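Geometric and topological summary
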Amino acid sequence: MTQEPPPVPSGRIGYLLARAGGRAIRNLNRALEPYGLRSRHYTVLSASAEHGGLSQRELGLVLGADPSAVVALVDDLQRKGLVRRDPHPEDRRTRLVVVTEEGARTLAETRKLARGVDDELLADLGPAERRTLEELLLRLR
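Since the model is a prediction, treat every value here as computed from it, not as a measurement.

**Some thoughts on the pairing of strand S3 (residues 95-99)**
Along S3, 4 of the 5 residues are buried, which leaves the element largely enclosed by surrounding structure. Inspection of the sheet shows strand S1 (residues 54-55) paired to S3 by 2 bridges, in the antiparallel sense. Across the sheet, residue Ser-55 finds its bridge partner in S3, namely Leu-96.

**Brief notes about the packing of aromatic side chains**
Counting across every chain of the model gives 0 aromatic pairs. Above the ring of Tyr-15, the side-chain terminus of Arg-12 is found at 5.2 Å from the ring centroid.

**Focus on the side chain of Thr-100**
Inspection of the secondary structure puts Thr-100 in the loop between S3 and helix H5 (101-121). Residue class for Thr-100 comes out buried when judged on its relative accessible area of 15%. Among the polar contacts made by the side chain of Thr-100, one reaches the main-chain carbonyl oxygen of Gly-81 at a distance of 2.6 Å. At 3.0 Å, the side chain of Thr-100 forms a polar contact with the backbone nitrogen of Gly-103. In contact with Thr-100, other than residues within four places in its own chain, are Gly-81, Leu-82, Val-83 and Arg-84.

**Section: the pattern of salt bridges**
Applying the stated criterion across every chain, the model contains 6 salt bridges. A salt bridge links Arg-84 to Asp-86, with the nearest nitrogen and oxygen atoms 2.9 Å apart. Judged by its relative accessible area of 37%, Arg-84 is partly exposed.

**A look at the packing of helix H2 (residues 39-51) against helix H4 (residues 67-79)**
In the contact formed by H2 and H4, the axes pass within 10 Å of each other and the chain directions differ by 85°. The angle between H2 and H4 places the two elements in the roughly perpendicular class. Listed contacts from H4 to Arg-40, His-41, Val-44 and Leu-45 of H2 are Leu-73, Val-74, Asp-76 and Leu-77. A class-by-class count of the residues in the contact of H2 with H4 yields 5 nonpolar, 1 polar and 2 charged.

About the cut-offs
Residues numbered from 1 in each chain as written. Predicted model: local features only at pLDDT ≥ 70, side-chain atom pairs only at ≥ 80, totals over all residues. Heavy atoms only, no water. Buried < 20%, exposed > 50% of the residue type's maximum accessible area, 1.4 Å probe, protein only. Helix = DSSP H or I, 4+ residues; strand = E, 2+ residues; numbered from the N terminus. Pairing = 2+ DSSP bridges. Phe/Tyr/Trp six-rings, centres within 6.5 Å; stacked < 30°, edge-to-face > 60°. Lys NZ or Arg CZ within 6 Å of the ring centre and 35° of its normal. Polar contact = N/O pair within 3.5 Å; in protein donor to acceptor, adjacent residues only side chain to side chain. Contact = heavy atoms within 4.5 Å. Salt bridge = Lys/Arg side-chain N within 4 Å of Asp/Glu carboxyl O. Axes fitted to C-alpha atoms, helices over the stretch in contact; angles between N-to-C directions. Parallel < 35°, antiparallel > 145°, perpendicular 65-115°, else oblique. Nonpolar A, V, L, I, M, F, W, Y, C, P; charged D, E, K, R; others polar.

Have a look at this one:
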């Protein structure tokens with residue numbers, strides 16, 4: 001029998017979001033450990049694949065992350081052979097972050113793990129509730 005968490009006072013949406021997000025990140029980090037990745041790496045790898053060839057600055061904007069943090073994460077992913085930096089066709093000062101074949105394989109495997117983490121986190125919600133939650137979270141930019 002699972003124990004119910006103590007009630008949280010009303011007006012604490014930020015706390016509840018942080019608690020759920022923290023749990024999701026911890027569980028995803030555990031799942032990604034065999035790959036030598038953390039949730040931040042997964043997010044950069046996933047966004048790089050989804051948006052295909054963004055600059056590090058653009059990745060930072062897409063992810064809402066500090067550009068210097070993105071540089072360090074891309075460095076890590078490049079060392080692992082999961083991404084490469086290609087020259088921008090119109091701006092020789094800019095490099096585009098592109099997922100390698102190994103990165104695409106790793107992403108396919110880790111997406112399954114991420115879905116499992118999401119399923120575990122959202123186990124008490126039905127399909128319609130999950131869709132509603134996702135829609136609402138997407139509105140919180």
